[in-house]
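Breakdown of the fold
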Amino acid sequence: MVLLPPRLKTRGYFMSFNINKQLNADEQEPKATEVDEQTATTNEPVQTETETKSEPVATAHDDFDWSRDKRNISAYSQEEKEKYDKVYEGTFKQINDGEMIEATVESLTKTDAVVNIGFKSDGLISLNEFRDIPGGVKVGDVVEVMVVEKEDRDGNLNLSRKSARITRAWEKIMEVNKTGEIVTGIVTSKTKGGLIVDVFGMETFLPGSQIDVKPVTDYDQFVGKTMEFKVVKINEAIKNAVVSHKALIESDIEAQRAEIIGKLEKGQVLEGTIKNITDFGAFLDLGGLDGLLYITDISWGRITHPSEVLKLDQKLNVVVLDFDDDKKRISLGLKQLTPHPWDTLAENIKEGEIVKGKVVNIEDYGAFLEMMPGVEGLVHVSEITWANTPINAKEFFNLGDEYEAKVVTLDKETRKMSLSIKQMTEDPWSTIETRFPEGSKHNGVVKNITPYGVFVELATGIGGMIHISDLSWLRRFNNPSEYTKVGSDIEVIILNIDKESRKLQLGHKQLEEDPWNALEATFGIGSIHEGTVIKKDDKGAMVQLPYGLEGFTPARHCVKEDGKTLTLDEVANFMVIEFERSDKRIILSHTRSWEQVQEEEHHAQVKEKKAEAESTKKAVKNIQSKVEKTTLGDLGALADIKAKLDNENSDSDAKPE
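Residues numbered from 1 in each chain as written. Predicted model: local features only at pLDDT ≥ 70, side-chain atom pairs only at ≥ 80, totals over all residues. Heavy atoms only, no water.

Along its length, the protein chain carries 10 helices and 30 strands. Out of the 657 residues in the protein chain, the part that is buried amounts to 36%. For the protein chain, contacts bridging at least 24 residues in sequence account for 60% of all contacts bridging at least 6. Just so you have it, the protein chain exposes about 40,700 Å², and 49% of that area is on carbon and sulfur atoms. (Helix = DSSP H or I, 4+ residues; strand = E, 2+ residues; numbered from the N terminus. Buried < 20%, exposed > 50% of the residue type's maximum accessible area, 1.4 Å probe, protein only. Contact = heavy atoms within 4.5 Å. Areas by Shrake-Rupley, 256 points an atom, 1.4 Å probe, with all protein chains shown as cover.)

Structure follows, in structure tokens:
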């Protein structure tokens, strides 16, 4: 038997020629040898004993062997064919789809590698799947591949090294995820929200938040780098894995942190690097452990933001103020490394001395002036000016402004100091009687307006209030802002001086005589005047009268002759029904004004009719006295005239007045 080669180097098809014929050719030689031993010619059939005894009839083709083909090769029997098929099939491996198997690179083309897996035919794998091999794949290399299909629709063997690598990589990733083992990977590219990392030949995702403990903005700097990672999450359904480099850093930091905290003591001085600055303080890296330096512990003086004195990546010494083992919090201090300024306060700062400071804080009750970092004094609102008018410190002071002030009180133990700005000048109230005597007239400036009055400044440190009732003799105001405004000039008269309380009572209407003495005669009760409705509500209407006077008309007295009520800005006649000089109040009625006219017209008509009747009576009497009663006819005419007059008198008496 001739041994067949273990494989046939053909691609894209199985052997289509008759392998059995080649096997028959190999087996033909021994058979021919046996025949030669019996006969002298190879073309003559071997005669058996029966054929020798009885000679057959000779024909032209008796010497032709019909079992041989044109190549002089004899065919095998069915039993022999089955026997050799088994021998042939035993030279190949049995493979299944999805199986992982080792392959040997037999040859290389420009695009593919021809690999042998011991199957009936070789497979082709693209050279792109070997790019991870340094120097590229070479003939004779043994690689692991996956059988995608033993035979595709074209009869080809479909192999993949990439699928084999991904499968093996996923198995390793599953294993390290369980064990927590650290893996090494290469950052291949940047993607949305993070990086793509090649781990064991499989692409995994590295989120941006898992790159470092510090925020990372430039992802490109990591592309192409080989780094260590920890598998933190896997999705078996889609075979996806998430890795983290930050987890390794945190584990290292945690070890360092535990070591540092174990050696920490309050008052210990450490060197740190500023890694972050916020509104409330700065975070320092103490060599694997973070500590917080609060804004109040940065400087003895006031600062509005830590960035005023600190910078990122700045190295400085700090003292440990407090720490928490459980929460692993460390409070640091910077100002505590230097003595408190109050402990080294200059001797020239004492009560009664003049100091200069900068406004560092403003509150409703006053402002704080800083003479040196950590040394401040309070200027209370009562120590800003000699005037007794209310002052808003936030309107008077501005942050950063510098002022000179007098030290009023100083207590080094409690570290408190009170200052005064007004005491830098002479108290103007000491000579108030001579400068602003009662009854004197002055011009002032409106500084503030309240619902009950107007505060007027007459001079620096001297001011007073005009009560709302002292603004005008005639008009009533709901608010002084209806009459004047802040910043306006106003003329006043000094009504009263309270030197002890530092108060001046001012008046404005007193500059003129009280007009109500003369108005009582003009606006007597029952008098009618033309007015304009300037305000109106459910209770009634305010009416503007001549001479700037105002009166009030109750709602029931706003009814007009046609039954309607007065409207805003309407001009009409009003009757004075009340005049109260003491309360400076006038009550008016529009209804009474037209009702009185109707009554006067009625009385005039009645009076006119009475006058006519009287004149008629007088005429009758005159006639009677002059005419003689001579005849009966004359007497009858006179009787008729008398009856007529009596009827007219009775009609006029029956009508009401």
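A separate point is the confidence of the model for the protein chain. Across the protein chain, pLDDT averages 79, with 81% of residues at or above 70. Averaged pLDDT values for the elements of the protein chain fall to 42 in helix 1 (residues 19-38) and rise to 93 in strand 20 (residues 416-420). (pLDDT = per-residue confidence, 0-100.)

Further remarks concern the environment of N573. Position of N573 relative to the elements: it lies in strand 29 (residues 571-580). Through-space distance from the C-alpha of N573 to that of T591 is 9.1 Å; in sequence the pair is 18 residues apart. Apart from residues no more than four positions distant in its own chain, N573 is found in contact with I528, H529, E530, H590 and S593.

Moving on, we come to a negative patch on the surface. A cluster of acidic side chains, namely E561, D562, E595, E599, E600 and E601, defines a negative patch on the protein surface. Topologically, E601 is positioned in helix 9 (residues 590-626). A relative accessible area of 49% places E601 in the partly exposed class. (Patch = residues over 30% accessible without salt bridge, like charges linked within 9 Å, V, L, I, M, F, W, Y side chains within 5 Å. Salt bridge = Lys/Arg side-chain N within 4 Å of Asp/Glu carboxyl O. Lys, Arg positive; Asp, Glu negative; His and termini not counted. Charge placed at Lys NZ, Arg CZ, Asp CG, Glu CD.)

Bringing the nonpolar core into the picture now. In terms of nonpolar packing, the biggest core is built from 22 residues, with V359, L369, M371, V379, F397, M417 and L419 touching the most fellow members. Breaking this core down by element, the ones donating at least two residues are strand 16 (354-363), strand 17 (366-372), strand 18 (375-380), strand 19 (402-411) and strand 20. Among the elements that take part in this core, strand 19 stands out by supplying 4 residues, more than any other. Not counting the four nearest positions on each side in its chain, V359 is found in contact with A367, F368, L369, F397, N398, L399, G400, D401 and Y403. Ranked by size, the runner-up nonpolar core spans 21 residues in total, among them L195, V216, Y219 and F229. (Core = buried A, V, L, I, M, F, W, Y, C linked by side-chain atoms within 4.5 Å.)

With that out of the way, let us pick up helix 5 (residues 246-263). Taking 1.5 Å per residue, 18 residues should reach 26 Å; helix 5 reaches 25 Å between its end C-alpha atoms and fits that length. K246, L248, I249, I253, I260 and I261 are the residues of helix 5 that are buried. As for helix 5, its buried residues are in contact with strand 6 (182-191), strand 9 (226-235) and strand 10 (240-244). (Expected span 1.5 Å × (residues − 1).)

This brings us to the pairing of strand 17. Across the 7 residues of strand 17, 6 count as buried, placing the element largely inside the fold. Sheet analysis places strand 16 next to strand 17, joined by 5 bridges and oriented antiparallel. If you follow I362 over to strand 17, its bridge partner there is A367. Between strand 16 and strand 17, which pair antiparallel and follow one another directly, the connecting turn spans 2 residues. Two elements, strand 17 and strand 18, share 6 bridges in a ladder whose sense is antiparallel. Its bridge partner lying in strand 18, M372 is registered against V375. Here strand 17 folds back onto strand 18 in antiparallel fashion, the turn holding 2 residues, of which G374 has a positive phi close to 95°. (Pairing = 2+ DSSP bridges.)

Right, let's get into the pattern of salt bridges. Applying the stated criterion across every chain, the model contains 13 salt bridges. K560 is the partner of E570 in a salt bridge, and the nearest nitrogen-oxygen pair spans 3.2 Å. In this pair, E570 is assigned in the loop between strand 28 (550-554) and strand 29 and K560 in the loop between strand 28 and strand 29, connecting sequence segments 10 residues apart. Salt bridges sharing partners connect three or more residues here, namely E144, R168 and E171.

One closed barrel accounts for 5 strands, arranged 21-22-23-25-24; its pairing is mixed. Pairs of neighbouring strands in the sheet enclose a mean axial angle of 50°, with direction left out of account. (Axes fitted to C-alpha atoms, helices over the stretch in contact; angles between N-to-C directions.)

Bringing the side chain of N361 into the picture now. By the element assignment, N361 lies in strand 16. Given the relative accessible area of 18%, N361 is considered buried. A polar contact of 3.2 Å, which involves the side chain of N361, links it to the side chain of E363. Leave out the neighbours within four places in its chain, and N361 touches R302, A367, F368 and L399. (Polar contact = N/O pair within 3.5 Å; in protein donor to acceptor, adjacent residues only side chain to side chain.)

It is worth spelling out the sheet that holds strand 14 (residues 315-324) at this point. Ordered in space as 11-12-13-15-14, the 5 strands form a closed barrel in which the pairing is mixed. Neighbour to neighbour, the strand axes of the sheet diverge by 55° on average, direction disregarded. The sheet contact formed by strand 11 (residues 269-277) and strand 12 (residues 281-285) spans 4 bridges and is antiparallel. If you follow I277 over to strand 12, its bridge partner there is A282.

Moving on: the environment of Q221. Within the secondary structure, Q221 sits in the loop between strand 8 (202-207) and strand 9. Taking the C-alpha atoms as reference points, Q221 and K190, 31 residues apart in sequence, are found 9.8 Å from one another. Polar side-chain contacts of Q221 include one of 2.9 Å to the backbone oxygen of D218.

Below, the discussion takes up unusual backbone geometry. Notably, K239 is not glycine yet its phi reads approximately 50°, a positive angle. Relative to the helices and strands, K239 resides in the loop between strand 9 and strand 10. A positive phi is found at D569, a non-glycine position, where the angle reads about 70°. Within the secondary structure, D569 is located in the loop between strand 28 and strand 29.

What follows concerns the packing of aromatic side chains. This model, assessed by the stated rule, comprises 6 aromatic pairs. Look at F396 and F397: their rings are 4.9 Å apart centre to centre, the planes differ by 75°, and that puts the pair in the edge-to-face class. Taking relative accessible area as the criterion, F396 reaches 36% and is therefore assigned partly exposed. Taking 6.4 Å as the distance between ring centres and 25° as the angle between the ring planes, the aromatic pair formed by F396 and Y403 counts as stacked. By the ring-pair criterion, three or more aromatic residues cluster together here, those being F396, F397 and Y403. The cationic tip of R302 hangs over the ring face of F368; the distance from NZ or CZ to the ring centre is 5.3 Å. (Phe/Tyr/Trp six-rings, centres within 6.5 Å; stacked < 30°, edge-to-face > 60°. Lys NZ or Arg CZ within 6 Å of the ring centre and 35° of its normal.)

Within an α-helix, residues lying three or four positions from one another point in the same direction, as the helix has 3.6 residues per turn. Taking 1.5 Å of rise per residue, 19 residues should cover 27 Å, and helix 4 (residues 161-179) covers 27 Å from first to last C-alpha, within 8% of that figure. All buried positions along helix 4 are accounted for by R161, A164, A169, W170, I173, M174 and V176. Looking at where helix 4 begins, the residue whose side-chain oxygen comes 3.5 Å from the main-chain nitrogen of K162 is S160. Just past helix 4, the residue G180 takes up positive phi, approximately 75°.

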